[in-house]
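Descriptive structure summary
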Amino acid sequence: VQLVESGGGLVQPGGSLRLSCAASGFTFSRYAMSWYRQAPAKERELVARIRSAGGSTEYADSMKGRFTISRDNGKNTVYLQMNSLKPEDTAMYYCNAAWGVLGYWGQGTRVTVSS
C-alpha cells in the first residue's frame, strides 16, 4: 500500500496550491479519502474528507470556501485545491485512506505560506 503526496511548496499569502495523493495497493474507490495537516507543535487535524460512495465531502470550518477536495477513481488519486492561503495554513499535509477499520497514511507534503 502506498499513498504518495505531492504539490506542496512555498507560496505567498493569498496564493493557491493543488495537492495530489496517488494511491496504490488497495481498492481506492472503496475508501474514504481525507487530507489532514499538522503544524509545528500542534495536533494533526482534519482538513477535508471525501466519501467513497457518492463523493460527499466535508471540511473543517476554517477551510470551508477556500479548499476543495476531489477524487479521480480512475487515476486512484485524491486532490486538494487550496485557495486564498494564509500563513496559518502552513503545515505538513497528509493523505489518509480509510475503510472500516483499515486505514493508511502517506508521508506528507509540506506547505509553507509566507511572504
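The structure under discussion appears in the preceding block.
Below is a summary of the structure that appears in this document. (Residues numbered from 1 in each chain as written. Predicted model: local features only at pLDDT ≥ 70, side-chain atom pairs only at ≥ 80, totals over all residues. Heavy atoms only, no water.)

Some thoughts on unusual backbone geometry
The phi dihedral of Ala-41 falls on the positive side, at around 65°, and the residue is not glycine. Among the structural elements, Ala-41 can be located in the loop between β4 (32-38) and β5 (45-50). Phi at Ser-84 takes a positive value of approximately 50°, unusual for a residue other than glycine. (Helix = DSSP H or I, 4+ residues; strand = E, 2+ residues; numbered from the N terminus.)

Here we look at the pairing of β5
One face of the sheet, then the other: side chains in a regular strand alternate in exactly this way. Two elements, β4 and β5, share 5 bridges in a ladder whose sense is antiparallel. Across the sheet, the residue bridging to Met-33 is Ile-50, located in β5. Here β5 runs beside strand β6 (residues 57-59); their pairing, made up of 3 bridges, is antiparallel. Looking at the pairing, Ile-50 lines up with Thr-57 of β6. Counting the residues in the hairpin turn of β5 and β6 gives 6 residues, including Gly-54, whose phi is positive at 85°. (Pairing = 2+ DSSP bridges.)

A few points about the packing of aromatic side chains
Summed over the entire model, instances satisfying the criterion amount to 6 aromatic pairs. Pairing Phe-26 with Tyr-104 gives two aromatic rings, centres 5.3 Å apart and planes at 40°, and the pair type is tilted. You can see Phe-26 sitting in the loop between β3 (17-24) and β4 and its partner Tyr-104 sitting in strand β10 (residues 102-105), a full 78 residues away along the chain. Judged by its relative accessible area of 13%, Phe-26 falls in the buried class. Cluster of aromatic residues (ring-pair linked, three or more members): Phe-26, Phe-28, Tyr-31, Trp-99 and Tyr-104. Note that Arg-44 overlies the ring of Tyr-94, its terminal NZ or CZ placed 3.8 Å from the centroid. The residue whose ring lies beneath Arg-71 is Phe-28, and the NZ or CZ to ring-centre distance is 4.6 Å. (Phe/Tyr/Trp six-rings, centres within 6.5 Å; stacked < 30°, edge-to-face > 60°. Buried < 20%, exposed > 50% of the residue type's maximum accessible area, 1.4 Å probe, protein only. Lys NZ or Arg CZ within 6 Å of the ring centre and 35° of its normal.)

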